[in-house]
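One letter stands for each residue in the lines below.
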Amino acid sequence: MVLYLAAFTIHNAEEALFLPEWARRARPVSVEVDRRSFLILLAVLTLLSYGAGLAFLLRGSAEALPRLLFLGLAAATLVNVFVPHLAGSVAARRLMPGAASGVALVLPASCAVLAAYTRGVGELLAAFAAGLGLTLLFAAAYFILLRPRLRRGNLEAGGVPR
């Protein structure tokens, strides 16, 4: 679990350093995000993941909620490697920040957590359902708090990326 949290932290640090500028220049649609707000949101998410990890360590074997929260986080980060990081890299035709650490660190760490701590297929499916809920919650916070501005100005008249 410590390796998972370290992988998650490194992944978020990669995003913090490079994602706002990458998103501003992305093609065919760019996103303008306030860097400071994005960093605060990433810091809060990282701290919440540590809280979920601590709750899992202290109560995860005895109580369902801390267990489901941490396993849901692992499932959400597993999916996050593919969408948006790998999908965004393919769409933009350049490596999206977070894709490298996602594939190298988060993917194996998330799989290891899910393999080691889930108790059967039912709990694995519940973890992915919880992960979906966490992802939707984070996406809502992202759009409400950061209000990213989508720009299509980098599209040529025919809708073809420059």
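Keep in mind that what you see is a predicted model, and the values were worked out from it rather than measured.

1. Regarding the side chain of glutamate 15
Next, step 1: Looking at the secondary structure, you find glutamate 15 in helix α1 (residues 2–25).
Next, step 2: No salt bridge is formed by the buried glutamate 15; the nearest opposite charge belongs to arginine 35, separated by 12 Å.
Next, step 3: Every residue in contact with glutamate 15, bar those within four places of it in the chain, is listed here: Pro20, Phe38, Leu42, Asn80, His85, Pro97 and Gly98.

2. Brief notes about helix α2 (residues 35–59)
Next, step 1: Here α2 spans 36 Å end to end across 25 residues, near enough to the 36 Å set by a 1.5 Å rise per residue.
Next, step 2: Of the positions making up α2, those classed as buried are Phe38, Leu41, Leu42, Thr46, Ser49, Ala52, Gly53 and Phe56.
Next, step 3: Those residues of α2 hidden inside the fold are in contact with α1, α3 (64–92), α4 (99–117) and α5 (121–146).

3. Some remarks on the side chain of glutamate 123
Next, step 1: With respect to the element layout, glutamate 123 can be found in helix α5.
Next, step 2: For glutamate 123, a relative accessible area of 18% gives the class buried.
Next, step 3: Not counting residues up to four positions away in its chain, the partners in contact with glutamate 123 are Arg67, Leu71, Tyr117 and Thr118.

4. Considering α1
Next, step 1: With 24 residues, α1 extends 34 Å between its outermost C-alpha atoms, agreeing within 8% with the 34 Å of an ideal straight helix rising 1.5 Å per residue.
Next, step 2: The sharpest bend along α1 comes to roughly 50°, located at phenylalanine 18, with the proline proline 20 sitting one to four residues further on.

5. A word on the pattern of salt bridges
Next, step 1: Summed over the entire model, instances satisfying the criterion amount to four salt bridges.
Next, step 2: A salt bridge links arginine 25 to glutamate 21; the nearest nitrogen and oxygen atoms lie 2.6 Å apart. A residue pair is termed a helical-turn pair when its members lie 3 or 4 positions apart in one helix, as arginine 25 and glutamate 21 do in helix α1 at four residues.
Next, step 3: Salt-bridge contacts for glutamate 63 lead to arginine 59; the nearest nitrogen and oxygen are separated by 2.5 Å.
Next, step 4: For glutamate 63, a relative accessible area of 33% translates into the label partly exposed.
Next, step 5: The exposure class assigned to arginine 59 is partly exposed, which follows from its relative accessible area of 45%.
Next, step 6: Within the structure, one salt-bridge network assembled from shared partners comprises Glu21, Arg24 and Arg25.

6. Quick notes on the packing of α1 against α4
Next, step 1: α4 packs onto α1 with a crossing angle of 155° between their chain directions and a minimal axis gap of 9 Å. On the basis of the axis angle, α1 is roughly antiparallel to α4. With respect to the hand of their crossing, α1 and α4 are arranged in left-handed fashion. Counted together, Leu3, Tyr4, Ala7, Phe8, Ile10, His11 and Glu14 of α1 and Ala99, Ala100, Ser101, Gly102, Leu105, Val106, Ala109, Ser110 and Val113 of α4 form the full contact between these two elements.
Next, step 2: Among the residues making up the contact of α1 with α4, the classes are represented as eleven nonpolar, four polar and one charged.

7. Some points on the environment of valine 81
Next, step 1: Relative to the elements of secondary structure, valine 81 occurs in helix α3.
Next, step 2: Note: C-alpha distance between valine 81 and proline 20 (61 residues apart in sequence) is 17 Å.
Next, step 3: Apart from the residues lying within four places of it in its own chain, the contact partners of valine 81 are Leu86, Gly102, Val103, Val106 and Leu107.

8. Points about unusual backbone geometry
Next, step 1: Note that the residue after valine 83, namely proline 84, is joined by a cis bond; omega there is 20°.
Next, step 2: Although it is not a glycine, arginine 93 sits at a positive phi angle of roughly 60°.
Next, step 3: In this structure, arginine 93 sits in the loop between α3 and α4.
Next, step 4: By relative accessible area, arginine 93 is classed as exposed at 77%.

The rules behind these values
Residues numbered from 1 in each chain as written. Predicted model: local features only at pLDDT ≥ 70, side-chain atom pairs only at ≥ 80, totals over all residues. Heavy atoms only, no water. Helix = DSSP H or I, 4+ residues; strand = E, 2+ residues; numbered from the N terminus. Buried < 20%, exposed > 50% of the residue type's maximum accessible area, 1.4 Å probe, protein only. Lys, Arg positive; Asp, Glu negative; His and termini not counted. Salt bridge = Lys/Arg side-chain N within 4 Å of Asp/Glu carboxyl O. Contact = heavy atoms within 4.5 Å. Expected span 1.5 Å × (residues − 1). Bend = angle between axes of the 7 residues up to and from the residue. Axes fitted to C-alpha atoms, helices over the stretch in contact; angles between N-to-C directions. Parallel < 35°, antiparallel > 145°, perpendicular 65-115°, else oblique. Left-handed = near helix turned anticlockwise from the far one by under 90°. Nonpolar A, V, L, I, M, F, W, Y, C, P; charged D, E, K, R; others polar.

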